[in-house]
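Architecture at a glance
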Amino acid sequence: MTDEQPTPPPRKGPLSFLSGALTSGLLAWLSLGVSQRVVGWYVTHPPHFDSAFAQSIATAMKTLMVGMCFLATFTFAFIGLGLFLVFIRSLLPAKAQSPS
C-alpha cells in the first residue's frame, strides 16, 4: 500500500461563479414570470364555493401556490446575487495573510 495523498479538487474560478449567477438570475426571471401568471390567473378566476370548508381549502391552496412561486423567485434571485458577489470578490487580488 502506498501512502499517497489524494489530490485536492481544482478551485473554482471566476467564470464558474459568473455562469452560476447568470443561470440563477435567468431562473429567477422565469420564476417571476410564472409567479405573475399564477397571481393573474387567481385574480381572474377566484375560487367561489358554497361550502365554507371547500372555500377554506381553495383559499389555502391558492395561498400555497402563490407562496411557493414567489419563494422560488426569491431563492433563485438571492442565490444569483450571492454568486455575483463571489464573482466580484474572486476578481479582486487576495490580501496577504498575516501569521497568527
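Up top is the structure these notes are about.
Everything numeric in this text was worked out from a predicted model, so none of it was measured.

1. Observations regarding the layout of surface pockets
Computed from the structure, the largest pocket encloses a volume of approximately 270 Å³. Lining the largest pocket are 10 residues; nearest its centre among them are Arg 89, Leu 92, Pro 93, Ala 94 and Lys 95. Considering only residue class, the lining of the largest pocket consists of five nonpolar, one polar and four charged.

2. Remarks on helix α2 (residues 52–91)
Given 3.6 residues to a turn, an α-helix orients residues that are three or four positions apart in the same direction. Helix length check: α2 (40 residues) gives 58 Å between terminal C-alpha atoms against 58 Å at 1.5 Å per residue, within 8%. Of all the positions in α2, only Ala 58, Cys 69, Thr 73, Gly 80 and Phe 87 are classed as buried. Buried-residue contacts for α2 involve α1 (14–44). For α2, the side-chain oxygen to backbone nitrogen distance between the N-cap and Phe 53 is 3.3 Å, and the N-cap itself is Ser 51.

3. Quick word on a nonpolar patch on the surface
On the surface, Phe 53, Ile 57, Met 61, Leu 64, Met 65 and Met 68 cluster together into a nonpolar patch covering about 600 Å² of accessible area. Among the structural elements, Leu 64 can be located in helix α2.

4. A short note on the environment of Ile 88
Mapped onto the fold, Ile 88 is located in helix α2. According to the relative accessible area criterion, Ile 88 is partly exposed, its value standing at 37%. Sequence separation between Ile 88 and Leu 18 is 70 residues; the distance between their C-alpha atoms is 8.8 Å.

5. Regarding the packing of α1 against α2
Contact pair α1 / α2: the axes reach a minimum separation of 8 Å and the direction vectors enclose 160 degrees. Compared by their axis directions, α1 and α2 come out roughly antiparallel. As for how α1 packs across α2, the hand of that crossing is left-handed. In the contact of α1 with α2, the residues fall into 25 nonpolar, seven polar and one charged.

About the criteria used
- Numbering of residues starts from 1 in each chain and follows the order in which that chain's sequence is written.
- Where local features are concerned, this predicted model is filtered to residues with pLDDT of at least 70; where side-chain atom pairs are given and counted, the filter is 80 or more; whole-chain, interface and lining totals use all residues.
- The basis for every side-chain value is the complete set of heavy atoms in the structure, and neither hydrogens nor water enter the calculation.
- Cavities and pockets were defined on a 1 Å grid built over protein atoms only: a cavity is a set of grid points that admits a 1.4 Å probe from which the probe cannot escape, a pocket is an open set flanked by protein on both sides within 12 Å along at least five of seven lines, and lining residues are those with an atom within 4 Å of any such point.
- Grid points are joined across faces, edges and corners, and a volume is the space filled by probe spheres set on the points.
- Residues are sorted three ways: Asp, Glu, Lys and Arg are charged, Ala, Val, Leu, Ile, Met, Phe, Trp, Tyr, Cys and Pro are nonpolar, and all the rest, Gly among them, are polar.
- Every helix listed is a DSSP run of H or I at least four residues long, and every strand listed is a run of E at least two residues long, numbered separately from the N terminus.
- Given the number of residues in a helix, its expected span is that number minus one, multiplied by 1.5 Å.
- Accessible area is worked out with a 1.4 Å probe on protein chains only. A residue is then buried under 20% of its type maximum, exposed over 50%, and partly exposed in between.
- Contact between two residues is taken to exist if any of their heavy atoms lie within 4.5 Å; hydrogens are not considered.
- Whenever two N or O atoms come within 3.5 Å, that pair is a polar contact, provided that in protein one can donate a hydrogen and the other can accept it, and provided that, for residues adjacent in sequence, both atoms are side-chain atoms.
- Nonpolar side chains (Val, Leu, Ile, Met, Phe, Trp, Tyr) are joined into patches within 5 Å and like charges within 9 Å, using only residues with over 30% relative accessible area and no salt bridge.
- All accessible-area figures derive from a Shrake-Rupley calculation using a 1.4 Å probe, and residue coverage is judged against the displayed protein chains alone.
- By convention in these notes, a salt bridge is any Lys or Arg side-chain nitrogen within 4 Å of a carboxyl oxygen on Asp or Glu.
- Only the stretch in contact is used when a helix axis is fitted, and all axes are lines through C-alpha atoms; the angle between N-to-C directions ranges over 0 to 180 degrees.
- Orientation labels follow simple angle bins: below 35 degrees gives roughly parallel, above 145 gives roughly antiparallel, 65 to 115 gives roughly perpendicular, and whatever is left gives oblique.
- Here a crossing is taken to be left-handed if its near helix is turned anticlockwise relative to the far helix by less than a right angle, and right-handed if that turn runs clockwise.

Any functional reading would require information that these geometric values do not contain.
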